[in-house]
Amino acid sequence: MVIIAQINHPNVVQLWGCCLETDVPMLIYEFVSNETFHRHIHNRTRKGDCRGIVVHESAGQLVHSLPYLHTDARMSIIHRDMKSTNILLDDNYTAKIADFGASRLVPLGHDQVSTLVQGTIRYLDPEYFHTGQLTGKSDVEEV
């Protein structure tokens, strides 16, 4: 919650609040209506041109949001689990990064952090997987 609360970017799912009146605190996010990027690019009933447009537009939006997380936010944030199921699309097919459960903050003045390897194995940066050194370059995405 500490990580996502400091993010204010149009391509990141916004945290609206939290409820502490339950046994397990619940986070309240904006509603993103158009399912995951994964579902849209793997939907065989959709025409190829439409899928291509979604891929092209989403990639362009993500090109701006990852550098924001890595350098422009108050503290550098590395997602650690970038994959097509963690990218949501809104009504206008705007891509929004979601699921910051594996994310890590990089301390000010540092460009990497040592950590136990975490994330979906087939989406992990090989260098991070072998060294445990997490950098902004570790946020890789395979479609």
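So, here is what we can say about the structure in this document. (Residues numbered from 1 in each chain as written. Predicted model: local features only at pLDDT ≥ 70, side-chain atom pairs only at ≥ 80, totals over all residues. Heavy atoms only, no water.)

1. Details of the overall build of the protein chain
A tally of regular secondary structure across the protein chain gives 4 helices and 8 strands. The N-to-C order of helical and strand elements in the protein chain reads α-β-β-α-α-β-β-β-β-β-α-β. The burial tally for the protein chain puts 41% of its 143 residues in the buried class. Sequence-distant contacts in the protein chain: of pairs separated by 6 or more residues, those separated by 24 or more amount to 55%. Split by element, the accessible area of the protein chain, about 8,700 Å² in all, is 56% carbon and sulfur. (Helix = DSSP H or I, 4+ residues; strand = E, 2+ residues; numbered from the N terminus. Buried < 20%, exposed > 50% of the residue type's maximum accessible area, 1.4 Å probe, protein only. Contact = heavy atoms within 4.5 Å. Areas by Shrake-Rupley, 256 points an atom, 1.4 Å probe, with all protein chains shown as cover.)

2. Here we look at the nonpolar core
Ranked by size, the top nonpolar core spans 17 residues in total, and within it I7, V12, F37, L69, I87, I97 and F100 carry the most contacts. Ranked by residue count, the leading element in this core is helix α3 (residues 48–72), at 5 residues. One finds I78, V106, V113 and L124 within the second-largest nonpolar core, a separate group that totals 6 residues. (Core = buried A, V, L, I, M, F, W, Y, C linked by side-chain atoms within 4.5 Å.)

3. Some details on the pattern of salt bridges
What the rule picks out here adds up to 3 salt bridges. A salt bridge links E30 to K96; the nearest nitrogen and oxygen atoms lie 3.4 Å apart. Residue E30 is found in the loop between β2 (26–29) and α2 (37–41), and its partner K96 is found in strand β5 (residues 95–97); the two are separated by 66 residues along the sequence. Across the pair, K96 and E30 agree in class, each one buried. Taking the shortest distance from any N to any O, the salt bridge between E35 and R39 comes out at 2.3 Å. Under the relative-accessibility criterion, E35 is labelled partly exposed at 40%. Overall, the relative accessible area of 54% leaves R39 in the exposed class. (Salt bridge = Lys/Arg side-chain N within 4 Å of Asp/Glu carboxyl O.)

4. Brief notes about unusual backbone geometry
Phi is mostly negative for residues that are not glycine, and the peptide bonds are mostly trans. With a phi angle near 65°, E35 is a residue other than glycine that sits in the positive phi range. Note that E35 resides in the loop between β2 and α2. Its identity as a non-glycine residue notwithstanding, R80 has a phi of 75°, on the positive side. Inspection of the secondary structure assignment puts R80 in the loop between β3 (76–78) and β4 (87–89).

5. A short note on the side chain of H70
Following the sequence through the fold, H70 ends up in helix α3. Relative accessible area serves as the criterion here: at 16%, H70 is assigned to the buried category. Once you skip the residues sitting within four places of it in the chain, H70 turns out to touch S76, I77, I78, G136 and D139.

6. Regarding the environment of M26
Here M26 lies in strand β2. Measuring from C-alpha to C-alpha, the distance between M26 and M1 comes to 10.0 Å, with 25 residues separating the pair along the chain. Setting aside its immediate chain neighbours within four residues, M26 contacts G17, C18 and C19.

Everything listed here is a matter of geometry and, on its own, says nothing about what the molecule does.
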